[in-house]
Structure formats: structure tokens, C-alpha cells
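# Per-entry structural report
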Amino acid sequence: VQLQASGGGLVQAGGSLRLSCAASGRTFSSNAMGWFRQAPGKGREFVAGINWSGGTTYYADSVKGRFTISRDNAKNSVYLQMNSLKPEDTGVYYCAAVGADSAYAYVEELSYDYWGQGTLVTVSS
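Conventions and cut-offs
Residues numbered from 1 in each chain as written. Predicted model: local features only at pLDDT ≥ 70, side-chain atom pairs only at ≥ 80, totals over all residues. Heavy atoms only, no water. Helix = DSSP H or I, 4+ residues; strand = E, 2+ residues; numbered from the N terminus. Buried < 20%, exposed > 50% of the residue type's maximum accessible area, 1.4 Å probe, protein only. Contact = heavy atoms within 4.5 Å. Areas by Shrake-Rupley, 256 points an atom, 1.4 Å probe, with all protein chains shown as cover. Lys, Arg positive; Asp, Glu negative; His and termini not counted. Charge placed at Lys NZ, Arg CZ, Asp CG, Glu CD. Pairing = 2+ DSSP bridges. Disulfide = S-S within 2.5 Å. Axes fitted to C-alpha atoms, helices over the stretch in contact; angles between N-to-C directions. Polar contact = N/O pair within 3.5 Å; in protein donor to acceptor, adjacent residues only side chain to side chain.

## Things to note about the overall build of the protein chain
The helix and strand inventory of the protein chain stands at 0 helices and 11 strands. Along the protein chain, helices and strands appear, N-terminal first, in the series β-β-β-β-β-β-β-β-β-β-β. A total of 125 residues make up the protein chain; the buried ones form 42% of that total. For the protein chain, the share of sequence-separated contacts (at least 6 apart) that also reach a separation of at least 24 residues comes to 60%. Counting every atom, the protein chain has about 6100 Å² of accessible surface; 48% of that belongs to carbon and sulfur. One way to put it: in the protein chain the 10 positive side-chain charges average out to a point 5 Å from where the 9 negative ones average out.

Here it is as C-alpha cells:
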């Protein structure tokens, strides 16, 4: 099973980026997925989570109103639209998926079983 994250890059503060995560090796259409990030010198933190249908989403307080998580089950993919980016959004962004079928979305890192390799987002001031 692989989760391939892409779309990171260098952007000025106030700009936007859209991250994509394509899964292969199994289908995650019945599973929650999410995004986490790790800033330089800090631990990994939850950013956004989405349930299998997209009907339930959770966001970290620091990104509410600026980031939007979405998914396309036909493409076995999850996305993160990031607007009004700030320098403190800089870090490596990881997509993740829960292994068990569930109706819920999750915020806890330990709930996720599969992880992508990460894509670097750098926001300059």
C-alpha cells in the first residue's frame, strides 16, 4: 500500500497551494483519511481529517477557515486546499489513512495505519 503526496512547494504568505494524495495498493473508499504536518524542530500535528463520504471533516484550530480537506473516492485520493498561507504553516505535510472501515473521521495520529512520504510546504514572509 502506498500513499503518494504531492503539490508542496514555496509560496509567499497569503498565497495558496493544493496538496494531493493518491493511494494505491488498496481502496480507501470506506476509510477515513487525513493530513498531518511537521514543522522544523517540532513534532507531527493533526491538520485535517475526513470520513469516507466526505460528510464529516475536522480541522485543527490553527487552519480552520483557511484549509479545506476533500476526497474523490473514484480516484482513491484525498486533497488539502490551503489558502491564506502563513509562515507558521511551513512544514512537511503527510497524508494518512485509517485501515478499518468506519463512518467516522479521526484527529488522533494513532488512529491512522498508513502514511505517505510527505511533501514540503514552505511559506515565506
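Past the structure itself, the notes keep going.
## Describing the pairing of strand β8 (residues 77-82)
Among the 6 residues that make up β8, 5 are buried, leaving the element largely enclosed by the rest of the structure. Pairing of strand β3 (residues 17-24) with β8, which is carried by 6 bridges, proceeds in the antiparallel orientation. Its bridge partner being in β8, leucine 19 is matched across the sheet by leucine 80. As judged from the 6 bridges shared by strand β7 (residues 67-72) and β8, these two strands associate in the antiparallel manner. Bridge pairing links threonine 68 to glutamine 81 in β8.

## Some words on the state of the cysteines
For the structure shown, the criterion picks out 1 disulfide. Sulfur-sulfur distance for the disulfide between cysteine 21 and cysteine 95 comes to 2.1 Å. Sign of the S-S torsion, about 60 degrees for the bond between cysteine 21 and cysteine 95, identifies this disulfide as right-handed. Taken together, the positions of cysteine 21 in strand β3 and cysteine 95 in strand β9 (residues 91-97) put the pair 74 residues apart, joining distant regions of the chain. Cysteine 21 sits in the buried class, given a relative accessible area of 0%.

## Section: the sheet that holds β7
Read across the open sheet, the 4 strands follow the order β1-β3-β8-β7; overall the sheet is antiparallel. Of all the strands in the sheet, just β1 (2-6) and β7 have a single pairing partner and so form its edges. For this sheet the average axis-to-axis angle between neighbouring strands, irrespective of direction, equals 15 degrees. Pairing of β1 with β3, which is carried by 5 bridges, proceeds in the antiparallel orientation. Directly across from glutamine 2, in β3, lies its bridge partner serine 24.

## Section: unusual backbone geometry
At asparagine 76, a residue that is not glycine, the phi angle is positive and equals roughly 55 degrees. Under the relative-accessibility criterion, asparagine 76 is labelled buried at 12%.

## Here's the deal with the side chain of arginine 37
Take arginine 37: it is sitting in strand β4 (residues 33-38). Among the polar contacts made by the side chain of arginine 37, one reaches the side chain of tyrosine 93 at a distance of 2.9 Å. Every residue in contact with arginine 37, bar those within four places of it in the chain, is listed here: Gly43, Arg44, Glu45, Val47, Ser62, Val63, Phe67, Glu88, Asp89, Val92 and Tyr93.

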